[in-house]
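Inside the fold
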Amino acid sequence: AVTDDDGVTVPPHRPSSPRRNGSSGRSARWTVRRLLAVVLTTSAVLMLLVGFIGAFAVHESTETVDRLSQELAPAQVANAEFMEAMLDAETELRAYLISGEPKQLRDHEAALARMPVVEAALERYARSDPATAKLVSAQDALAAAWVKDFARVAIAEGPSVADSDRPLFDLGVSRFDAVKD
């Protein structure tokens with residue numbers, strides 16, 4: 001024992017024995033704790049990276065869907081209005097051909113009068129996309145064919161004749177089905 005200057009007895013200092021890290025005695029060997037820390041840290045970093053990539057992908061997808069929704073929703077509404085006007089025109093014409101009531105003929109003509117406004121709105125939305133513009137153009141042509149080949153002919157024949165004209169009726173059905181499809 002050694003006594004210091006203040007009279008306190010202190011055990012003699014012994015140099016610490018070298019720590020053995022396994023049978024080889026290498027001090028640089030990875031311990032289980034160190035290896036586990038590295039694996040867990042790497043896993044956490046990879047999970048964060050995957051999380052950030054996933055969050056970015058969701059953000060980009062959401063922006064794309066929002067943009068498409070804002071662009072397509074008005075076009076869908078315009079197309080629904082077009083189909084509604086066509087259906088009104090077809091229904092009122094059928095009612096006129098069955099009943100001969102002039103009111104149904106006026107309602108048919110009113111529905112057809114809405115068509116140019118609705119078509120213009122639909123074509124305005126279709127301008128930005130060539131494929132959509134092609135579909136709108138085809139739909140307009142099919143609607144015009146229904147009016148020309150069936151509606152005008154049926155009105156010219158009058159209710160008593162057109163109602164019994166089966167080939168004309170079949171033509172009208174096929175032309176209108178083409179517009180709907």
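Everything below is about the structure shown above.
Here the structure is a predicted model, which is why all the values come from computation and not from measurement. (Residues numbered from 1 in each chain as written. Predicted model: local features only at pLDDT ≥ 70, side-chain atom pairs only at ≥ 80, totals over all residues. Heavy atoms only, no water.)

**Quick look at the nonpolar core**
- Within the largest apolar cluster, 26 residues are counted, with the highest numbers of intra-cluster contacts made by Phe 82, Met 86, Leu 93, Leu 97, Trp 146, Phe 150 and Ala 154.
- Elements with a minimum of two residues in this core: helix 1 (32–99), helix 2 (102–126), helix 3 (130–157) and helix 5 (166–180).
- It is helix 1 that provides the largest number of residues to this core, a total of 8 residues.
- Leaving out residues up to four positions away in the same chain, Trp 146 has contacts with Met 86, Ala 89, Glu 90, Leu 93, His 108, Leu 112, Ala 151, Gly 172, Arg 175 and Phe 176. (Core = buried A, V, L, I, M, F, W, Y, C linked by side-chain atoms within 4.5 Å. Buried < 20%, exposed > 50% of the residue type's maximum accessible area, 1.4 Å probe, protein only. Helix = DSSP H or I, 4+ residues; strand = E, 2+ residues; numbered from the N terminus. Contact = heavy atoms within 4.5 Å.)

**Let's talk about the packing of aromatic side chains**
- A full pass over the atoms with the stated rule returns 2 aromatic pairs.
- Relative to Phe 150, the ring of Trp 146 lies with its centre 5.9 Å away and its plane at 45°, an arrangement referred to as tilted. Here Trp 146 and its partner Phe 150 are both found in helix 3, 4 residues apart, which amounts to about one turn of the helix. Residue Trp 146 shares its accessibility class with Phe 150, and that shared class is buried.
- Between the aromatic rings of Trp 146 and Phe 176, the centroid separation amounts to 5.7 Å while the plane-to-plane angle is 65°, which identifies the pairing as edge-to-face. Here Trp 146, found in helix 3, pairs with Phe 176, found in helix 5; they are 30 residues apart in sequence, far enough to count as distant. (Phe/Tyr/Trp six-rings, centres within 6.5 Å; stacked < 30°, edge-to-face > 60°.)

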